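One-letter residues, chain by chain:
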Amino acid sequence: MSSPWRSSPKMKSLSEVFGTIPVPTGNGFWKNLRAFMGPGFLVAVGYMDPGNWATDLAGGASFGYTLLSVILVSSIFAIVLQHLALKLGVASGRDLAQACGDAFSKPVAIFLWLVCELAIAACDLAEVIGSALALQLLFGIPILAGIVITILDVFLILYFQNKGFKVIESIVLSLLIVIVCCFAYELFISQPSIAGILGGLVPQTSVVMNPSQLYVAIGILGATVMPHNLYLHSSIVQTRAIKDTDEDKAKAIKYATWDSTLSLGLAFFINAGILILAAAAFHGNNLQHVADIRDAYQLLDPVLGSKLASILFAVALLASGQNATLTGTLAGQIVMEGFLDLRIAPWLRRLITRLIAIIPAFFITWIYGESKIGELLVFSQVVLSMQLSFAVIPLVLFTGDKQKMGKFANSSLLQGIVWVITAIILGLNMYLLGQVLGFL
């Protein structure tokens with residue numbers, strides 16, 4: 001019987017760590033879940049990177065708890081699409097980049113690789129700016145110097161990567177715990193309205209009818225699904241030693257989905273926490289104009305009456321930026337190897353990606369001053385929006401193909417749902433892009 005794929009991958013996805021983490025035999029839920037926990041943490045990082053902070057702050061400060069429902073819906077969309085990504089990796093034995101490289105012609109594959117590289121660089125731009133801004137807030141380091149300092153994490157990340165993939169997952173989890181603890185404290189002292197939070201989780205007609213709310217809502221939803229996360233997840237799920245049987249694949253998909261869903265639930269808590277903090281601290285104190293990370297940092301202490309509030313806010317921002325650089329490293333390696341079957345030294349791969357982000361951040365900040373930082377963050381999200389369709393549509397096509405996925409292909413119901421989700425996300429992203437570019 002001929003293969004539904006045109007060729008076998010010339011190399012395993014992330015070959016240096018492919019299948020290196022053993023999984024237990026038997027059906028013990030907690031034992032299996034522990035073995036598969038990890039990749040979801042790396043994916044969740046992309047849903048709480050510094051690029052998302054501004055929209056969450058603006059939503060909470062301007063409209064209180066109203067846009068919590070948008071974050072909830074966005075998280076549900078993300079959970080479904082990340083399930084498709086991990087299922088593709090487990091069932092087909094190839095990541096999304098390898099699948100695209102196989103299914104499309106070489107020119108199309110190169111085009112998809114280029115736009116994906118652009119998206120990774122744009123995401124890295126937000127991480128560079130977020131980390132540099134956190135360094136300035138915490139230690140008074142000028143933004144320009146902070147941007148240059150972020151180059152150093154190239155070598156730090158590579159050092160830990162050589163220690164094994166579980167070490168990487170542990171570092172990410174540790175930084176996530178730092179972020180969660182910081183926001184748990186912030187929420188505790190801000191004393192948000194429980195009734196307001198519960199009411200905000202219910203969709204309101206004003207989100208659609210009020211143009212200002214709609215714009216911020218689109219920003220939140222449009223930046224939710226990070227395209228590089230789909231490539232990343234389809235690859236790192238293969239770090240587990242999964243046997244090539246339908247039974248073992250079904251088991252891997254089950255527990256990897258639990259891992260992904262729980263991790264994205266954590267990301268929902270962080271994003272909702274940022275919005276709730278802004279709603280309680282700023283909207284409730286007639287400070288609706290606060291939409292900038294630096295303004296939020298400066299106002300948290302006097303508003304909440306705690307000297308720790310601003311410090312922990314900046315610590316969480318730094319942890320968020322550093323976490324996101326880690327996943328960006330892996331995503332860059334995955335797409336280059338998958339689309340082009342090309343390998344270069346990891347330190348060079350990371351340095352190139354970092355410089356693509358650092359150079360525009362450095363020169364724009366140098367020439368125009370730090371006031372342009374917010375605009376750079378918006379620009380990075382626009383670039384991500386433009387690339388999203390080139391990742392989501394192939395993913396939905398591949399996972400709905402029974403020849404490629406066998407018994408693990410999407411059901412008719414699931415395929416219909418994911419096409420609706422895709423249409424909503426892409427439509428809103430295009431609307432946001434038109435707004436930013438002045439077409440709408």
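Here the structure is shown first, and the text comes after it.
All of the points below concern the structure found in this document. Keep in mind the model is a prediction, meaning the values are calculated, not measured. (Residues numbered from 1 in each chain as written. Predicted model: local features only at pLDDT ≥ 70, side-chain atom pairs only at ≥ 80, totals over all residues. Heavy atoms only, no water.)

What follows covers the overall build of the protein chain. Of regular secondary structure, the protein chain possesses 20 helices and 0 strands. Considering the protein chain as a whole, with its 440 residues, one finds that 56% of them fall into the buried category. Summarising the internal contacts of the protein chain: among those between residues at least 6 apart in sequence, 84% fall at separations of at least 24. For the protein chain, the accessible area works out to roughly 17700 Å², and carbon and sulfur atoms hold 69% of it. (Helix = DSSP H or I, 4+ residues; strand = E, 2+ residues; numbered from the N terminus. Buried < 20%, exposed > 50% of the residue type's maximum accessible area, 1.4 Å probe, protein only. Contact = heavy atoms within 4.5 Å. Areas by Shrake-Rupley, 256 points an atom, 1.4 Å probe, with all protein chains shown as cover.)

L67, L230, F313 and F339 are the most contacted members of the largest nonpolar core, which totals 127 residues. When residues in this core are grouped by element, the largest group, 16 residues, is from helix α14 (residues 246-281). For L230, the contacting residues outside a window of four places in its chain are L81, Q82, A85, L96, V225, A391, V392 and L395. (Core = buried A, V, L, I, M, F, W, Y, C linked by side-chain atoms within 4.5 Å.)

Attention shifts here to helix α16 (residues 307-340). For α16, which comprises 34 residues, the first-to-last C-alpha distance of 51 Å matches the rise-based estimate of 50 Å (1.5 Å per residue) to within 8%. For α16, a buried count of 27 out of 34 residues is recorded, marking the element as mostly surrounded by other parts of the structure. Immediately downstream of α16, the backbone of D341 shows phi near 50°, a positive value. (Expected span 1.5 Å × (residues − 1).)

Right, let's get into the pattern of salt bridges. By the definition in use, this model includes 5 salt bridges. Among the ionic pairs, D401 bridges to K404, the shortest N-O distance being 3.7 Å. Classification of K404 as buried rests on a relative accessible area of 18%. Among the ionic contacts, a cluster of salt bridges with common partners joins K166, E169 and R240. (Salt bridge = Lys/Arg side-chain N within 4 Å of Asp/Glu carboxyl O.)

For the rest of this paragraph, the subject is the packing of aromatic side chains. According to the stated counting rule, one finds 8 aromatic pairs in the structure shown. Ring geometry for F36 and Y255: centres 6.1 Å apart, planes at 15°, overall stacked. Of this pair, F36 sits in helix α1 (residues 29-36) while Y255 sits in helix α14, and the two are 219 residues apart along the sequence. A single burial state applies to F36 and to Y255, both of which are buried. Through pairs of rings, three or more aromatic residues link up here, namely F29, W30, F36, Y255 and W258. Over the ring of W5 we find R94, and its NZ or CZ is 4.3 Å from the ring centre. Residue placement shows K404 over the ring face of W5; its charged tip is 5.1 Å from the ring centre. (Phe/Tyr/Trp six-rings, centres within 6.5 Å; stacked < 30°, edge-to-face > 60°. Lys NZ or Arg CZ within 6 Å of the ring centre and 35° of its normal.)

The subject of this paragraph is the packing of helix α4 (residues 68-92) against α14. Helix-helix packing is described using two parameters, namely the angle between the two axes and the distance between the axes. Put simply, α4 and α14 touch, their axes get as near as 9 Å, and they point 155° apart. Overall, the two elements α4 and α14 adopt an arrangement that is roughly antiparallel. In the packing of α4 onto α14, the handedness of the crossing is right-handed. A breakdown of the residues in the contact of α4 with α14 according to their chemical character gives 16 nonpolar, 7 polar and 2 charged. (Axes fitted to C-alpha atoms, helices over the stretch in contact; angles between N-to-C directions. Parallel < 35°, antiparallel > 145°, perpendicular 65-115°, else oblique. Left-handed = near helix turned anticlockwise from the far one by under 90°. Nonpolar A, V, L, I, M, F, W, Y, C, P; charged D, E, K, R; others polar.)

Next up on the list: α4. For an α-helix, 3.6 residues make a turn, and residues three or four places apart therefore share a direction. Between its terminal C-alpha atoms α4 stretches 36 Å, which fits the 36 Å expected from 25 residues at 1.5 Å a residue. In terms of residue burial, α4 counts as a mostly covered element, since 21 of its 25 residues are buried. Residue G93 follows α4 closely and has a positive phi angle near 75°.

For the rest of this paragraph, the subject is the side chain of K249. Take K249: it is sitting in helix α14. Residue contacts for K249: discarding those within four places in its chain leaves V90, A91, I242, K243, D244 and F408.

All right, on to the side chain of S235 then. With respect to the helices, strands and loops of the structure, S235 is situated in helix α13 (residues 227-236). Under the relative-accessibility criterion, S235 is labelled buried at 1%. With residues up to four places along the chain from it excluded, the contact list for S235 reads S13, L14, D95 and I334.

When you line up the elements, V108 lands in helix α6 (residues 106-139). For V108, a relative accessible area of 36% corresponds to the partly exposed category. Between the alpha carbons of V108 and F339 there is a distance of 9.9 Å; along the sequence they are 231 residues apart.

Glycine aside, residues mostly have negative phi angles, and peptide bonds mostly take the trans form. For Q191, which is not glycine, the phi dihedral falls at a positive 45°. In this fold, Q191 is placed in the loop between α9 (165-190) and α10 (194-200).

Looking now at the state of the cysteines. Under the definition given, this model contains 0 disulfides. No disulfide involves C100; its sulfur sits 8.8 Å from that of C116, the nearest cysteine. (Disulfide = S-S within 2.5 Å.)

Okay, a nonpolar patch on the surface next. Judged by side-chain polarity, L342, I344, W347, L348 and I352 come together as a nonpolar surface patch covering roughly 410 Å² of accessible area. The topology assignment puts I352 in helix α17 (residues 346-368). The class for I352 is partly exposed, based on a relative accessible area of 39%. (Patch = residues over 30% accessible without salt bridge, like charges linked within 9 Å, V, L, I, M, F, W, Y side chains within 5 Å.)

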